[in-house]
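# Structural overview for review
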Amino acid sequence: MGLEEEILDSLEKYMSTDVYYEEGRVLSSTCTNPHPFALRVFRRFQLANLGDPGLFPGAKLLEKQALRIIGELFHHPHLEQDHQIGHFVTGGTEANLTALWTARNRWLAASKTRDRSKATIVAAESAHLSIEKTANMLNVSLLKVPVTEDHVFDVDWMMEHVDPRNVVAIVATAGTTLLGAIDPIRELSEYSADNDVWLHVDAAIGGFILPFYPLLGRGEVLFDFQLEGVRSITADVHKMGMCPVPGGTVVFRDPEDLKHITFYLPYLLPEARVQSTMTGTRTAGAAIAFHALYQLLGREGFASTVKECLENTNVLKEQMIQKGLNPVIEPPMNILGFQPVTENTKRILKRLHDRRWRISEVKGILRFVLMPHVKRHHLISFLVDWDECSD
Ligand SMILES: Cc1ncc(COP(=O)(O)O)c(C=O)c1O
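Residues numbered from 1 in each chain as written. Predicted model: local features only at pLDDT ≥ 70, side-chain atom pairs only at ≥ 80, totals over all residues.

## Structural notes on the domain arrangement of the chain
One frequently used descriptor of interface size is the decrease in accessible area upon assembly of the parts. Quick reminder of the rule: Segmentation into domains, and thus their bounds, comes from an automatic or database assignment. Contacts are defined on C-beta atoms placed from the backbone: any two residues whose C-beta positions lie within 7 Å are in contact. Numbering of helices and strands starts at the N terminus; helices are DSSP runs of H or I of at least 4 residues and strands are runs of E of at least 2. Only Asp, Glu, Lys and Arg are considered charged, only Ala, Val, Leu, Ile, Met, Phe, Trp, Tyr, Cys and Pro nonpolar, and every remaining residue, Gly among them, polar.
Each assigned domain of the chain is listed here: domain 1 (3-35 + 298-389) and domain 2 (39-293). A C-alpha centroid distance of 27 Å is found between domain 1 and domain 2. Contacts between the two partners involve 24 residues from domain 1, matched on the other side by 24 residues from domain 2. Mapped onto the side of domain 1 that touches domain 2, the elements with two or more residues apiece are α8 (285-322), β11 (335-339) and β13 (365-369). Split by residue class, the side of domain 1 that touches domain 2 holds 14 nonpolar, 6 polar and 4 charged.

This is the structure we're talking about:
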């Protein structure tokens, strides 16, 4: 065996402890196995660097076009103009950071009399941890709004406790991490528009689910730029967009807002001297993969994957109810939360873990995410294993 083979072999040993999505046993993650075509395109073009459009103008153009596809899905109001409406970034965390960084700087720029020490981001307790990280990085306060009994942002509570003059941004989630719950974005949009407050929608998960509901005969969920208060949206292509990691996106209603985070780098080729992203050097792989995958599948193709995930969610829900567990809410998407998690449930989970099933238990809620890699036959094996692991 040559040295390269030996090294590879030793790496394989480490990696054998990892559980890959294609096994169908990962029921805990919002990521998934990329679509084979997306992976093929990603591998072909991953060396292109979006941070240096002077060298890679083709990749930059494809990124711009891919963002416009997303803009169309989200009813972006200004697509007739030829501008770049956002960025591909590393994932939901960086997308949220980019949006809120822009909002914070816009808030500061809006008036010289702003009291910086009062700057606040407002988000529900159910918002993703990346919002807390962002508030910490931007050095602004985070006001955590309680959730209602439906596990969504309590708008009435917010109205009683917030002075809109100090609000840098409100964050609504379209598909919470724990339960897939959808915050009352229409109401938050009205409040935001009335008070000139930035409303950011974290649709890291829901962004590639909710736009397809009308095609599936489900009612439209309003979460995007159709709501006038919404100024920015996060949506991850490495989640339901079925593209390889790292693939997050952030899109802005008014791309002019990006001027608030624009910096100049004199050392790059002239085309690349302007940057409005946190990272500089970054792969164009996911942007090009998404561009290609959308051409291949179209709206109908994405919708049919969403349909399959939702059907599987329903099957698992019914089966778990028969096993004595209760859904915390009627699942709005492909995420299921159950209660109660008894000592017996914990024992079952441990045994299932030994059989390589990956399921999360968070804050007393048993949580399943039914991503495209989970097929019906995986669910059937899971249910058999659950019974075998029960006392
Ligand atoms: C709603 C939501 N926002 C943001 C994120 C962060 O995404 P990432 O892990 O890609 O940074 C997640 C991750 O699951 C999420 O569920």
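## What to know about the packing of helix α9 (residues 343-354) against helix α10 (residues 376-389)
Quick reminder of the rule: Interaxial angles span 0 to 180 degrees and are taken between N-to-C directions of axes, which are lines fitted to C-alpha atoms, for helices over the stretch in contact. Orientation categories follow fixed angle ranges, with anything under 35 degrees roughly parallel, anything over 145 roughly antiparallel, 65 to 115 roughly perpendicular, and all other angles oblique. Whether a crossing is left-handed or right-handed is set by the direction in which the near helix is turned from the far one by less than a right angle, anticlockwise for left-handed and clockwise for right-handed.
Between α9 and α10, the least distance of the axes is 9 Å, while the angle of their chain directions is 125°. Our classification of the angle between α9 and α10 gives oblique. Judged by the sense of rotation from one axis to the other, the crossing of α9 with α10 is right-handed. Contacts from Ile348, Arg351 and Leu352 of α9 reach α10 at Asp385, Trp386 and Cys389.

## Focus: the nonpolar core
Convention followed: The nonpolar core criterion groups buried Ala, Val, Leu, Ile, Met, Phe, Trp, Tyr and Cys residues into a set whenever they are joined through C-beta atoms within 7 Å. The burial criterion counts other C-beta atoms lying within 10 Å of a residue's C-beta, which is placed from the backbone; the residue is buried at 20 or more, exposed at 12 or fewer, and partly exposed between these limits.
Ranked by size, the top nonpolar core spans 105 residues in total, and within it Ile121 and Ala289 carry the most contacts. With 13 residues, α8 is the largest single contributor of residues to this core. In terms of domain composition, this core takes at least three residues from each of domain 1 (3-35 + 298-389) and domain 2 (39-293). Non-local contacts of isoleucine 121, meaning those with residues more than four positions away in its chain, are made with Leu100, Ile131, Ala135, Val140, Leu142, Val168, Ala169 and Val171.

## Some remarks on unusual backbone geometry
Here valine 245 and proline 246 are connected by a cis peptide whose omega angle stands at 5°. Within the secondary structure layout, proline 246 lies in the loop between β6 (230-236) and β7 (248-252). A cis geometry characterises the amide bond from glutamine 339 onward to proline 340, with omega recorded as -5°. As for its position among the elements, proline 340 is in the loop between β11 and α9. Even without glycine at this site, histidine 151 takes up a positive phi of about 70°. Along the chain, the position of histidine 151 falls in the loop between β3 (141-145) and α6 (155-161).

## Notes on the sheet that holds strand β10 (residues 326-327)
This is how the line gets drawn: For two strands to count as paired, DSSP must find a minimum of two bridges between them.
With respect to topology, 4 strands assemble into an open sheet ordered β10-β11-β13-β12, the strand pairing being antiparallel. Two strands bound the open sheet, and with one partner strand each, they are β10 and β12 (360-362). In this structure, β11 lies alongside β13, joined through 4 bridges in antiparallel fashion. Note on β13: the bridge partner recorded for phenylalanine 338 is leucine 366.

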